[in-house]
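So you can see what is in the structure, the chains are spelled out below.
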Amino acid sequence: MIPSLFLRNQTEMAVHRHPDVLDQLFLLGKPIEDIDYVALAAPLRDYAPALIDVVLDEELSELSPDETAVWAPVHALRILGQLAPIEAALPLTTVFPWVDDWLQEDLPGVYSAIGSASIPVLRSYLFDASNEPLARATASGCLRAIAEGHLTVRSEIVRLLAEFLNRPEADDSADEEVITAFVIADLGDLGDPAAYDAIRRAFNEDRVEPHITDLETIEEKLGMQPQGRLGAGLPAKREPGVYLSLRCTACGRERIHVFAKVYYDLGTAKDKKVEKYDPLIIPQVVVCPKCGAEDRYKLSSLGHIKVTAELLSRAVPEATGARGDDERIQFLTFGTQWGTMHPLEGIERYERELARHPANPTLHLGLANILRLLGRYENARAHYLRAIELDETDYEPWIGLAKTAGDEHDIELALLYWEKARSLASAQSPATDESRHVVGSVTEYIAGLKEGRIPEIPMEFLPENRSAQPTRLPAPSAEFSGSAMPKVGRNDPCPCGSGRKYKHCHGKPGK
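Keep in mind it's a predicted model, so treat the numbers as computed, not measured.

Asks: Explain the overall build of the chain here, please?
Replies: Along the chain, the regular secondary structure elements total 20 helices and 8 strands. Counting the 511 residues in the chain, one finds 50% classified as buried. Long-range contacts, defined as pairs at least 24 residues apart, comprise 60% of the intrachain contacts of the chain with a sequence gap of at least 6. By element, 51% of the accessible surface of the chain is carried by carbon and sulfur atoms, the whole surface being about 25,200 Å².

Asks: What should I look at first to understand the environment of valine 99 in this one?
Replies: Note that valine 99 resides in the loop between helix H5 (72–83) and helix H6 (101–114). Through-space distance from the C-alpha of valine 99 to that of alanine 135 is 9.4 Å; in sequence the pair is 36 residues apart.

Asks: It is not clear to me how the nonpolar core should be interpreted in this structure. Could you clarify?
Replies: Grouped burial of nonpolar side chains is what soluble globular proteins tend to show. Counting 75 residues, the largest nonpolar core has Leu51, Ile79, Phe96, Tyr111, Leu126, Leu161 and Ile199 as the members making the most contacts within it. Among the nonpolar cores identified, the runner-up in size contains 36 residues, and Tyr263, Ile281, Leu354 and Ala405 belong to it.

Asks: What's the story with the pairing of strand E2 (residues 254–259) in this structure? I'm lost.
Replies: Looking along a regular strand, one sees side chains alternate from face to face of the sheet. Relative to E2, strand E1 (residues 242–248) is paired through 6 bridges, and the arrangement is antiparallel. From the neighbouring strand, leucine 246 faces E2, where its bridge partner is arginine 255. Where E1 folds back on E2, the antiparallel hairpin that results is connected by 5 residues, among which glycine 252 adopts a positive phi of roughly 85°.

Asks: Please explain the sheet that holds E1 as it appears in this structure.
Replies: Sheets are built from strands that pair by backbone hydrogen bonding, the pairs being arranged parallel or antiparallel. If you walk across this open sheet you meet the 3 strands as E2-E1-E5, and the pairing is antiparallel. Looking at strand neighbours, the two that pair on one side only are E2 and strand E5 (297–299), the edges of this open sheet. Averaged over all adjacent pairs, the angle separating strand axes in this sheet is 50°, with direction ignored. In the sheet, E1 pairs with E5 via 3 bridges, with the strands oriented antiparallel. Within the sheet, the bridge partner assigned to leucine 246 lies in E5 and is leucine 299. Each of E1 and E5 touches helix H14 (residues 301–313); the most contacted strand, E1, lies at about 145° to it.

Asks: What is the right way to look at the packing of helix H8 (residues 133–149) against helix H10 (residues 174–190) in this model?
Replies: Two quantities define a packed helix pair, namely the angle between the helix axes and the distance between the axes. Between H8 and H10, the least distance of the axes is 9 Å, while the angle of their chain directions is 15°. By the angle between their directions, the pair H8 and H10 is classed as roughly parallel. The element H8 and its partner H10 pack so that their crossing is right-handed. Where H8 approaches H10, its residues Pro133, Leu134, Arg136, Ala137, Ser140, Gly141, Arg144, Ala147 and Glu148 are matched on the opposing element by Asp175, Glu176, Val178, Ile179, Phe182, Val183, Asp186, Asp189 and Leu190. Taken together, the residues of the contact of H8 with H10 sort by class into 9 nonpolar, 2 polar and 7 charged.

Asks: How should helix H20 (residues 433–450) be read in this particular structure?
Replies: Helical geometry: 3.6 residues make up each α-helical turn, so side chains three or four residues apart lie on a common side. With 18 residues, H20 should reach 26 Å at 1.5 Å per residue; the first-to-last C-alpha distance of 26 Å fits that figure. Residues Glu434, Ser435, Val438, Ser441, Val442, Tyr445, Ile446, Gly448 and Leu449 constitute the buried set of H20. Across the axial projection of H20, the buried residues extend over an arc of 150°, all falling on one side. The exposed residues of H20 that point more than 90 degrees off its buried face are Asp433, Glu444 and Lys450. Looking at the buried side of H20, the elements it contacts are helix H18 (396–407) and helix H19 (411–426).

Asks: Even after reading the chapter, I still don't get H10, so can you show me in this structure?
Replies: Look at H10: 25 Å from first C-alpha to last across 17 residues, which is about the 24 Å you get at 1.5 Å a residue. Regarding H10, its N-cap is serine 173, as a side-chain oxygen of that residue lies 3.4 Å from the backbone nitrogen of aspartate 175 further along. Following H10 by one or two positions, glycine 191 adopts a phi angle in the positive range, close to 65°.

Asks: What am I meant to see in unusual backbone geometry here?
Replies: Negative phi characterises most residues that are not glycine, and trans characterises most peptide bonds. Unlike most non-glycine residues, aspartate 206 shows phi in positive territory, near 55°. As for its position among the elements, aspartate 206 is in the loop between helix H11 (196–204) and helix H12 (215–221). Under the relative-accessibility criterion, aspartate 206 is labelled partly exposed at 27%. One non-glycine residue, histidine 409, lies in the positive phi region at around 60°. Position of histidine 409 among the secondary structure elements: in the loop between H18 and H19.

Asks: Got a minute to help me understand the state of the cysteines in this structure?
Replies: Covalent bonding between the sulfur atoms of two cysteines is what defines a disulfide. Using the criterion set out here, one finds 0 disulfides in the structure. We note that cysteine 251 lacks a disulfide partner, and the nearest cysteine sulfur, in cysteine 288, lies 3.7 Å from it.

Asks: Just to check I follow, could you spell out the confidence of the model for the chain for this structure?
Replies: Low pLDDT marks stretches whose predicted atomic positions should not be read closely. Here the chain averages 82 in pLDDT, and 81% of its residues register 70 or above. The low-confidence segment residues 230–235, where pLDDT is below 50, has 18 contacts with residues more than four positions distant or belonging to other chains.

Asks: Got a minute to help me understand the environment of leucine 449 in this structure?
Replies: Its place among the elements puts leucine 449 in helix H20. The exposure class assigned to leucine 449 is buried, which follows from its relative accessible area of 2%. It is 8.2 Å that separates the C-alpha atoms of leucine 449 and alanine 414, two residues lying 35 residues apart in sequence.

Asks: What exactly am I supposed to notice about the packing of aromatic side chains here?
Replies: Aromatic rings in a pair are described by how distant their centres are and how their planes are angled relative to each other. Summed over all chains, the structure comprises 8 aromatic pairs. A ring pair is formed by tryptophan 71 and tryptophan 102, whose centres lie 5.3 Å apart and whose planes are at 80°; its orientation type is edge-to-face. Of this pair, tryptophan 71 sits in the loop between helix H4 (58–61) and H5 while tryptophan 102 sits in helix H6, and the two are 31 residues apart along the sequence. Tryptophan 102 gets classed as partly exposed once you look at its relative accessible area, which sits at 27%. Arginine 123 extends its terminal NZ or CZ atom over the ring of phenylalanine 127, reaching a point 4.0 Å from the ring centre.

Asks: Would you explain the packing of helix H15 (residues 343–356) against helix H16 (residues 361–373) in this entry?
Replies: At a minimum axis distance of 10 Å, the contact between H15 and H16 shows a crossing angle of 155°. As far as their axial angle goes, H16 and H15 are roughly antiparallel. For the element pair H15 and H16, the recorded crossing hand is left-handed. Seen from H15, the contacting residues are Pro343, Gly346, Ile347, Tyr350, Glu351, Glu353 and Leu354; seen from H16, they are Leu363, His364, Gly366, Leu367, Ile370 and Leu371. Considered class by class, the residues forming the contact of H15 with H16 number 8 nonpolar, 3 polar and 2 charged.

Asks: For this particular structure, what's the right way to read the pattern of salt bridges?
Replies: Side chains that differ in charge, positive against negative, can pair when their charged atoms come close. In total, this model carries 26 salt bridges according to the counting rule given. Aspartate 189 is the partner of lysine 221 in a salt bridge, and the nearest nitrogen-oxygen pair spans 2.8 Å. Note that lysine 221 is positioned in helix H12 and aspartate 189 in helix H10, a separation of 32 residues in sequence. The closest approach of N and O atoms between glutamate 205 and arginine 207, which form a salt bridge, is 2.7 Å. Overall, the relative accessible area of 42% leaves glutamate 205 in the partly exposed class. Overall, the relative accessible area of 4% leaves arginine 207 in the buried class.

The rules we used
Residues numbered from 1 in each chain as written. Predicted model: local features only at pLDDT ≥ 70, side-chain atom pairs only at ≥ 80, totals over all residues. Heavy atoms only, no water. Helix = DSSP H or I, 4+ residues; strand = E, 2+ residues; numbered from the N terminus. Buried < 20%, exposed > 50% of the residue type's maximum accessible area, 1.4 Å probe, protein only. Contact = heavy atoms within 4.5 Å. Areas by Shrake-Rupley, 256 points an atom, 1.4 Å probe, with all protein chains shown as cover. Core = buried A, V, L, I, M, F, W, Y, C linked by side-chain atoms within 4.5 Å. Pairing = 2+ DSSP bridges. Axes fitted to C-alpha atoms, helices over the stretch in contact; angles between N-to-C directions. Parallel < 35°, antiparallel > 145°, perpendicular 65-115°, else oblique. Left-handed = near helix turned anticlockwise from the far one by under 90°. Nonpolar A, V, L, I, M, F, W, Y, C, P; charged D, E, K, R; others polar. Expected span 1.5 Å × (residues − 1). Arc of directions from axis to C-beta. Polar contact = N/O pair within 3.5 Å; in protein donor to acceptor, adjacent residues only side chain to side chain. Disulfide = S-S within 2.5 Å. pLDDT = per-residue confidence, 0-100. Phe/Tyr/Trp six-rings, centres within 6.5 Å; stacked < 30°, edge-to-face > 60°. Lys NZ or Arg CZ within 6 Å of the ring centre and 35° of its normal. Salt bridge = Lys/Arg side-chain N within 4 Å of Asp/Glu carboxyl O.

Okay, structure coming up:
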């Protein structure tokens, strides 16, 4: 017996549930390389059931980390690895779901020692969808260990794992995608091309969790691709844009999406009081490729890493030098004529103001600009057209329509709208610096369109549009006094800092 002097109460209770012959396991403490498990196993050959009980004793794992007895299950498992009793194969599956690194690391070796006799048990556990995906991944890893240690059953296990990939229910859920990815990774480690058709089919049918492994990595392991390709979760760049990993909140799948633009609103991120709005803004409808859900997403863990890395790179400009603007998240502060705010908050504000002033063209224009920014083109067009109805002399709604057509790659329609905007800007009397700038810029833009390309419009293209476009820094609030009014043109930006034209702000009659 172990003297109770060495044991705290809870440890003593746990130890006394097991035969005295196992007492030494409770005093060994944290495993070290010098422990001779072969010697420990020799007198315990007839005590396999008792050793299994120690491994499965959850109360031992709940002991304080300072207690030497907490390590007894690991020692028992390693002794079972020396004894390799067939009767341990089924009960040891109980620990597959346990989050215990020591046990998880030793389990494949134990099953490899038991050998082919444990294959049916592991197969049954792997194929049972009621088990947790990571626990099933442990079963797959144990099968891989048997294949690596027993060449006579290697082909059998490769066929078993390939059969798993071809199950009809393999596309049922996000959990199935996770375990499918782990099984494919194990097949890649086994390096047998016989499973390649099943692996490729799983990828082609989009039923593999993409952050665990990818086809290029597996092909490399199977000797079908040169070494040094990109790893899991980092696909080779096939098209321009921002690559971002999102998790669908409807079906739970995680996928890497490619977006023409992704914004991150620093104002919202910095303001801890603003919890209603997500600082990540994707100006298009996000459709889950698996279930078809629209705009039902959140950042995956890799997505969060991407945003964090992009934020950190802002402090090291040379870190982003190799990438174009279209490949980076744009960290901006959004502004409206009422100051900086999240675009969705801006939409709500414009809608409230329009409910009070439905015939105000400036409000329609500002709302349309935000809607276009967020990719809501139909609604944006409606408000641009309403602004034109209310003020036929203003060229800015036409510019908004032209930008919208350009966003949708309708070059013919974009040309029509740009020509109209240039005509109205040219007709401004008297001409202002702004109108001359607009005519010159639009002329250059039209030339690009006639060459069959859609040039990028600078964010600062028009002062008026800054009120409904992202700005790289919060708009400064200029000091302004009605009695000390600066000399400005009617179409110049109002010096009060609102972002509106002077004619629509402090240049109005009565101001």
